[in-house]
Amino acid sequence: MSLVQGIGLSILPHIGGITGSYFTRKNIKTWFVTLDKPSWRPPNWAFAPVWTTLYTSMGYASYLIVRDGIGESRKIALGFYASQLAINWIWSPVFFCWKKLGLATVVSNILAANIATCIYVFYRINKTAAYLLIPYLAWVSFATAVNFSIWRRNSKKNQ
């Protein structure tokens, strides 16, 4: 694999992140500020650097799988990777555009399970690729808890 392919795969996840920020940015200043949120949630400024790091790490992990994987195991690993990326990308519209906090919690739980599966299948091909996804799983797990808390705190308000 070439350097260009490695860079391309490292950038790929950012496409959904940039698109998702369109939905996020628009509604943070209007709708999101009105929600009852837990005191332990990260500040708004933390999300951009965290997601930039996570998207780059997961992209590079996919490059390692493309480079080192062969046959059916590579297809399976990349299938799980593609599905978690799609699930990741759908969360922002579900939460910020459609304002479906309960559904967003479900999506986030499915995403966490999918990331855990990716770590498992990536580990068989390239341990570094699997390790690169661990901070992503940790962040999504924490974000799921935040999402759940926001949903519970605002469920009557949004019915």
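Just above sits the structure.
Residues numbered from 1 in each chain as written. Predicted model: local features only at pLDDT ≥ 70, side-chain atom pairs only at ≥ 80, totals over all residues. Heavy atoms only, no water.

> For this particular structure, what's the right way to read the overall build of the protein?
Tallying secondary structure elements over the protein gives five helices and zero strands in all. If you list the helices and strands of the protein from N to C, you get α-α-α-α-α. Over its C-alpha atoms the protein spans a radius of gyration of 16 Å, differing by no more than 12% from the 15 Å that the globule rule assigns to 159 residues. Each principal axis of the C-alpha distribution contributes one length, and for the protein these read about 50 × 25 × 25 Å. By residue count, 43% of the 159 residues in the protein fall in the buried class. Restricting to contacts in the protein with at least 6 residues of sequence separation, those with at least 24 account for 78%. Roughly 8600 Å² of accessible area belongs to the protein as shown, and the carbon and sulfur atoms make up 68% of that amount. (Helix = DSSP H or I, 4+ residues; strand = E, 2+ residues; numbered from the N terminus. Rg over C-alpha atoms; globule rule 2.2 N^0.38 Å. Buried < 20%, exposed > 50% of the residue type's maximum accessible area, 1.4 Å probe, protein only. Contact = heavy atoms within 4.5 Å. Areas by Shrake-Rupley, 256 points an atom, 1.4 Å probe, with all protein chains shown as cover.)

> Looking at this structure, I do not really get the side chain of S108. What am I missing?
Among the secondary structure elements, S108 is positioned in helix α4 (residues 101-125). Classification of S108 as buried rests on a relative accessible area of 5%.

> What should I look at first to understand the pattern of salt bridges in this one?
When the charged atoms of two side chains lie near each other, side chains of opposite charge can form a pair. Applying the stated criterion to the full structure yields two salt bridges. With a closest N to O distance of 3.1 Å, D36 and R153 form a salt bridge. Placement of the pair is D36 in the loop between α1 (3-28) and α2 (44-68) and R153 in helix α5 (residues 127-154), with a sequence separation of 117 residues. Of the charged contacts in the structure, one is a salt bridge between D68 and R67, with a shortest N-O distance of 2.7 Å. By relative accessible area, R67 is classed as partly exposed at 40%. (Salt bridge = Lys/Arg side-chain N within 4 Å of Asp/Glu carboxyl O.)

> Looking at this model, I keep getting lost on helix α3 (residues 71-97). Mind explaining?
Because an α-helix completes one turn every 3.6 residues, residues spaced three or four positions apart along the sequence face the same direction. The terminal C-alpha atoms of α3 lie 39 Å apart, and with 27 residues this matches the ideal 39 Å at 1.5 Å per residue to within 8%. For α3, the set of buried residues is A77, Y81, Q84, L85, I87, N88, S92, P93, V94, F95 and F96. Against the buried residues of α3 lie α1, α2, α4 and α5. (Expected span 1.5 Å × (residues − 1).)

> I keep staring at the packing of aromatic side chains and nothing clicks. Help me out?
Where two aromatic rings form a pair, the distance of their centres and the angle of their planes describe that pair. Counted under the stated rule, the structure contains 16 aromatic pairs. Here the aromatic rings of W91 and F96 are separated by 5.9 Å at their centres, their planes lie at 80 degrees, and the arrangement is edge-to-face. Exposure remark for F96: the relative accessible area of 6% places this residue in the buried category. Ring geometry for W139 against F142: centres 6.3 Å apart, planes inclined by 55 degrees, an arrangement best described as tilted. With W139 and F142 both in helix α5 and three residues apart, this pair spans about one turn of that helix. Between K37 and the ring centre of F32, over which it is positioned, the NZ or CZ distance is 4.7 Å. Looking at R152, its charged tip hangs above the ring of W151, at a distance of 5.2 Å from the centre. (Phe/Tyr/Trp six-rings, centres within 6.5 Å; stacked < 30°, edge-to-face > 60°. Lys NZ or Arg CZ within 6 Å of the ring centre and 35° of its normal.)

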